Amino acid sequence: MTEEELKQLLNRIPQADGAAVREACKRQAMLAKPPGSLGSLEEIAVRLAGITGSVCSRIGHPHIMVFAADHGVTEEGVSSAPQSVTLQQCLNMGRHKTGMSALAGYFHDEVTVVDVGIAADGPWPGIVDRKIRKGSRNLYREPALTREEVLAAIEAGIETTQACIQAGADAVGVGEMGIGNTTPSSAVLAALLSETAEAVTGCGGGLTADAFSKKRKVIAEALERHQPDRNDVVDVLSKVGGPELAAMTGAYLACALHRVPAVVDGFISIVTALCAVRLCPQVRDVLFLSHVSEERGYLLAQKELGLAACLQLHMRLGEGSGCPLMFRVLEAACAVMCDMATFDEGSINDDYLKPIREEGLF
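Just so we're clear, the structure is a prediction, and the values are computed from it rather than from any experiment.

What counts, and where the lines are drawn
- Residues numbered from 1 in each chain as written.
- Predicted model: local features only at pLDDT ≥ 70, side-chain atom pairs only at ≥ 80, totals over all residues.
- Heavy atoms only, no water.
- Helix = DSSP H or I, 4+ residues; strand = E, 2+ residues; numbered from the N terminus.
- Buried < 20%, exposed > 50% of the residue type's maximum accessible area, 1.4 Å probe, protein only.
- Contact = heavy atoms within 4.5 Å.
- Pairing = 2+ DSSP bridges.
- Axes fitted to C-alpha atoms, helices over the stretch in contact; angles between N-to-C directions.

Caption draft 1: Summary view of the environment of H226. With respect to the element layout, H226 can be found in helix α9 (residues 209-226). By relative accessible area, which is 11% here, H226 ends up buried. For the pair H226 and S238, spaced 12 residues apart in the sequence, the C-alpha separation amounts to 10.0 Å. Ignoring anything within four residues of it in the chain, the contact list for H226 reads L139, Y140, R141, E142, P143, K239 and V240.

Here is the structure:
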């Protein structure tokens, strides 16, 4: 993908369907319940209408896209796990033996694992091969990727996600696998928000006090050395990002282009969602935040996006583990909108609600 091709794709991403949103709001107001009594489920159902163009949306074939890559910065001791875990966990996902895939398997959600940068020779059964390079470069010492590699990874995310949508996916969860990837994610977020490394950096999968201090130092010095341009997402991803971060960005773009709801998992997922929104603000319309990650920078990214997360489960696993849970919330919102009776359909006189509605109490 060239810079011009990316620009052309961004220009094709539509806005939410305003007419469908207005009709959905009208139906919500007439459902046989006190106004606003189903809280966020009502808001979600309305937002889904804006995405699908249908007042009564349905989620029947949710799909989780997991993008995998390794990172040269692990050479600096910023991760407690060895790099070999990336490949092993990708293989375990196909066996429904990781946290995310166990949940997905229980709920019969489909999972696709895409290799965009595993630092080993493939391909492997059950893993889609879209390798850009064998791991990113060590961002502490040099830019992690070239601009061309970032664009290629974005394209891989777009194309693999489009393939799932064309095969019938009507909601897409975006996850990742890559030992050490909270380091580039924190660096990307710091660059996009002009924040300090300390403000955005957490312990990831778990670190000693010394390793945590080293991680923040590595991020701060990398940002100082490379000076990523916060107004140029491709520049940020090339200097301090990674292949799977760029591919996840592409996945969100594909969802927005095809008007399919996109579920955001945790910290890494929300950072890449912010990258996609910076590239094209309309992407925000299709995003649904699953859970509040325990990782330090999550709330900063959430505030920047201006979206609420539905679940507070104190999770910090990644992989897309919040997606199977959020799919159930989306399905519940659809059930409320589509299957509840209106006051008229339920033969209920709703005159008693007139004073409440007039005063805007709900």
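Alright, that's what it looks like, and here's the rest.
Caption draft 2: Up close: the sheet that holds strand β7 (residues 309-311). Taken in spatial order, the 7 strands of this open sheet run β3-β2-β1-β4-β5-β6-β7, and their pairing is parallel. Edge positions in the open sheet fall to β3 (127-129) and β7, since each of these has one partner strand only. The average angle at which neighbouring strand axes cross in this sheet is 30°, direction not considered. Note: strand β1 (residues 62-69) against strand β4 (residues 171-177), 7 bridges, orientation parallel. Across the sheet, the residue bridging to H63 is V172, located in β4. The strands touched by helix α3 (residues 40-52) are β6 (287-291) and β7; relative to β6, the strand with the most contacts, the crossing angle is about 145°.

Caption draft 3: Geometry of unusual backbone geometry. Cis geometry is found at the peptide bond from G122 to P123, where omega equals 0°. Considering the arrangement of structural elements, one finds P123 in the loop between β2 (110-117) and β3. Despite not being glycine, H96 has its phi angle at roughly 60°, a positive value. The topology assignment puts H96 in the loop between α4 (85-93) and α5 (99-107). Even without a glycine there, the phi angle at Q227 is positive, about 50°.

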